[in-house]
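Take a look at the letters that make up each chain.
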Amino acid sequence: MSIDLSDKTILLTGGLGAIAEFILKALDKAGATLVITDRIAEAEARKMLAQWGVRADYFELDVTDPVAVTRVTDAAFAKHPGINVALGHAGGTGVFPFETCTQENFDAIVKFNFTAQTYLARAVLAQWRERECAGHLIFTSSFVSQIPMEGISAYVASKAALEMFARNLALEYAKHQIRVNCVSPGNVAAGSSKLIYDNDPVYRAWVDRVSPLGKRNSPESIANAFLYLCSHLADEVDGFTLRVDAGAGLPKLG
Ligand SMILES: NC(=O)c1ccc[n+]([C@@H]2O[C@H](COP(=O)([O-])OP(=O)(O)OC[C@H]3O[C@@H](n4cnc5c(N)ncnc54)[C@H](O)[C@@H]3O)[C@@H](O)[C@H]2O)c1
């Protein structure tokens, strides 16, 4: 089945990351107009997008800077007034056991994975409200929002908060025909996760053990979730987290 996104203009943060490459390729192929942001400088970014064969406009943006988020969002809407989907995709963490994680480091992870998404939401929702148009905000969460995991308490808590934030915004904005959802990936075979998996036998054994389907997520499976949620097939999906994690987030006894 082919999905047609030719009436979608999609703004995306963290758009030059490992999973984003696959999302962009899928959305572009489906005919969406793409407006990408990332903290990578514009010249380098445009080179990457050209290498990926993705047609997109680009704005440099550090999502943890609330002033920049508003400025860039406003500039993106001024140039692309038809933006009707926004993907808060930037996020990530390293491994920092709570006992040795400084408060500064903890705060930075929360800011990147949760607070920055509220900056994006504020800026995008203001645009849609001012223009009195419908919109769809989609955040990228993680399967660990629902299960504890050693060494990443700030990240886990941030993603859990993000999912509940999305549900609350969905409730508050439904009367304006603005929807808010999340995609929640599992262990994805892309980027740094793939690198660690390929080189660290302990991590590899753990990932294989916690994936009931016996495999990690392909980045294409995550891109497919975005294709679906961005499309008219999902027009009545609101306040939902679509977990695409090969079962990794299922509670297991023993
Ligand atoms: N990789 C996984 O296995 C996995 C699993 C579950 C959820 N996720 C989530 O998926 C999303 C993407 O993950 P990924 O592994 O592809 O990421 P990645 O590390 O490959 O890419 C992150 C991107 O964000 C950009 N970035 C970093 N700091 C930024 C900032 N302050 N402002 C703007 N951009 C910034 C980087 O330049 C990079 O392009 C994240 O939200 C992550 O939490 C990933």
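Residues numbered from 1 in each chain as written. Predicted model: local features only at pLDDT ≥ 70, side-chain atom pairs only at ≥ 80, totals over all residues. Heavy atoms only, no water.

Novice: Please clarify how helix α2 (residues 42-52) should be interpreted in this entry.
Specialist: Since the α-helix turns once every 3.6 residues, residues separated by three or four places project in the same direction. Within α2 the residues assigned to the buried category are A45, M48, L49 and W52. All buried residues of α2 project into a common sector of 95° when viewed along the axis, lining one side. Facing away from the buried side of α2 by more than 90 degrees, the exposed set consists of A43, K47, A50 and Q51. Looking one or two residues past α2, G53 carries a phi angle of roughly 75°, positive in sign. (Buried < 20%, exposed > 50% of the residue type's maximum accessible area, 1.4 Å probe, protein only. Helix = DSSP H or I, 4+ residues; strand = E, 2+ residues; numbered from the N terminus. Arc of directions from axis to C-beta.)

Novice: Any chance you could explain the pairing of strand β3 (residues 57-60) here in plain terms?
Specialist: Regular strands show a simple pattern: their side chains alternate between the two faces of the sheet. Both strand β2 (residues 33-38) and β3 contribute to a ladder of 4 bridges, which runs parallel. The residue bridging T37 from the neighbouring strand is F59, located in β3. The parallel pair β2 and β3 is bridged by α2, and the resulting crossover is right-handed. (Pairing = 2+ DSSP bridges. Right-handed = clockwise from strand over helix to strand, strands pointing away.)

Novice: Hey, could you run me through helix α5 (residues 153-173) in this one?
Specialist: Along its 21 residues, α5 runs 30 Å from first to last C-alpha, staying within 8% of the 30 Å computed at 1.5 Å per residue. Where the residues of α5 are buried, they touch α4 (103-130), β5 (135-140), β6 (178-185) and β7 (241-244). (Expected span 1.5 Å × (residues − 1). Contact = heavy atoms within 4.5 Å.)

Novice: Teacher, can you tell me more about the pattern of salt bridges here?
Specialist: A side chain with one charge may pair with a side chain of the opposite charge, provided their charged atoms come close. Counted by the stated rule, this structure contains 9 salt bridges. Here E42 makes a salt bridge to R46, at a shortest N to O gap of 2.8 Å. Placement of both E42 and R46 in helix α2 is noted, with a separation of 4 residues, approximately one turn of the helix. On the accessibility criterion, R46 (35% relative accessible area) is partly exposed. Between D198 and K194 there is a salt bridge; the shortest N-O distance is 2.8 Å. Of this pair, D198 and K194 both sit in helix α6 (residues 191-199), 4 residues apart, roughly one helical turn. A single salt-bridge network, built from bridges that share partners, covers E42, R46, D57 and K79. (Salt bridge = Lys/Arg side-chain N within 4 Å of Asp/Glu carboxyl O.)

Novice: Could you clarify how one ought to interpret the layout of surface pockets in this entry?
Specialist: Empty space among the atoms becomes visible once a probe the size of a water molecule is rolled across them. Volume-wise, the largest pocket comes out at about 1400 Å³. Forming the walls of the largest pocket are 44 residues, and the residues nearest its centre are G92, T93, Y155, S192 and S193. Taken together, the elements giving at least two residues each to the lining of the largest pocket come down to α1 (18-29), α5, α6 and α7 (201-210). No other element matches the 4 residues that α6 contributes to the lining of the largest pocket. Its residues assigned to classes, the lining of the largest pocket shows 22 nonpolar, 16 polar and 6 charged. (1 Å grid on protein atoms, 1.4 Å probe; cavity = no way out; pocket = protein on both sides within 12 Å on 5 of 7 lines; lining within 4 Å. Points joined across faces, edges and corners; volume = space filled by probe spheres on them. Nonpolar A, V, L, I, M, F, W, Y, C, P; charged D, E, K, R; others polar.)

Novice: Would you take a moment to explain the nonpolar core for this structure?
Specialist: The tendency in soluble globular proteins is for nonpolar side chains to be buried as a group. Residues I10, L27 and L87 are the most contacted members of the largest nonpolar core, which totals 37 residues. Looking at this core, the elements that each hand over two or more residues are β1 (9-12), α1, β2, α2, β4 (83-88), α8 (219-230) and β7. When residues of this core are assigned to their parent elements, the largest contribution, 7 residues, is made by α8. Aside from chain neighbours lying at most four places away, what touches L87 is I10, L11, L12, T13, I23, L27, L120, I138, F226 and C230. Formed by 31 residues, the second largest nonpolar core is a distinct cluster that contains V63, A121, A123 and W128. (Core = buried A, V, L, I, M, F, W, Y, C linked by side-chain atoms within 4.5 Å.)

Novice: Quick question: what am I supposed to make of the site of the ligand here?
Specialist: In the vicinity of the ligand there are 27 residues, among which A18, D38, D62, H89 and Y155 approach most closely. V63 is positioned with one of its backbone polar atoms (N or O) 2.9 Å from a nitrogen atom of the ligand. A distance of 3.0 Å separates an oxygen atom of the ligand from a polar backbone atom of V188. Summarising the interface, the protein chains cover 85% of the accessible area of the ligand, which totals 840 Å² for the free molecule. With respect to the pocket detection grid, the ligand is positioned in the largest pocket. Where the shell around the ligand is concerned, the elements lending two or more residues are α1 and α5. (Near = heavy atom within 4 Å. Polar contact = N/O pair within 3.5 Å; in protein donor to acceptor, adjacent residues only side chain to side chain. Areas by Shrake-Rupley, 256 points an atom, 1.4 Å probe, with all protein chains shown as cover. Sits in = over half its atoms within 2 Å of the grid points.)

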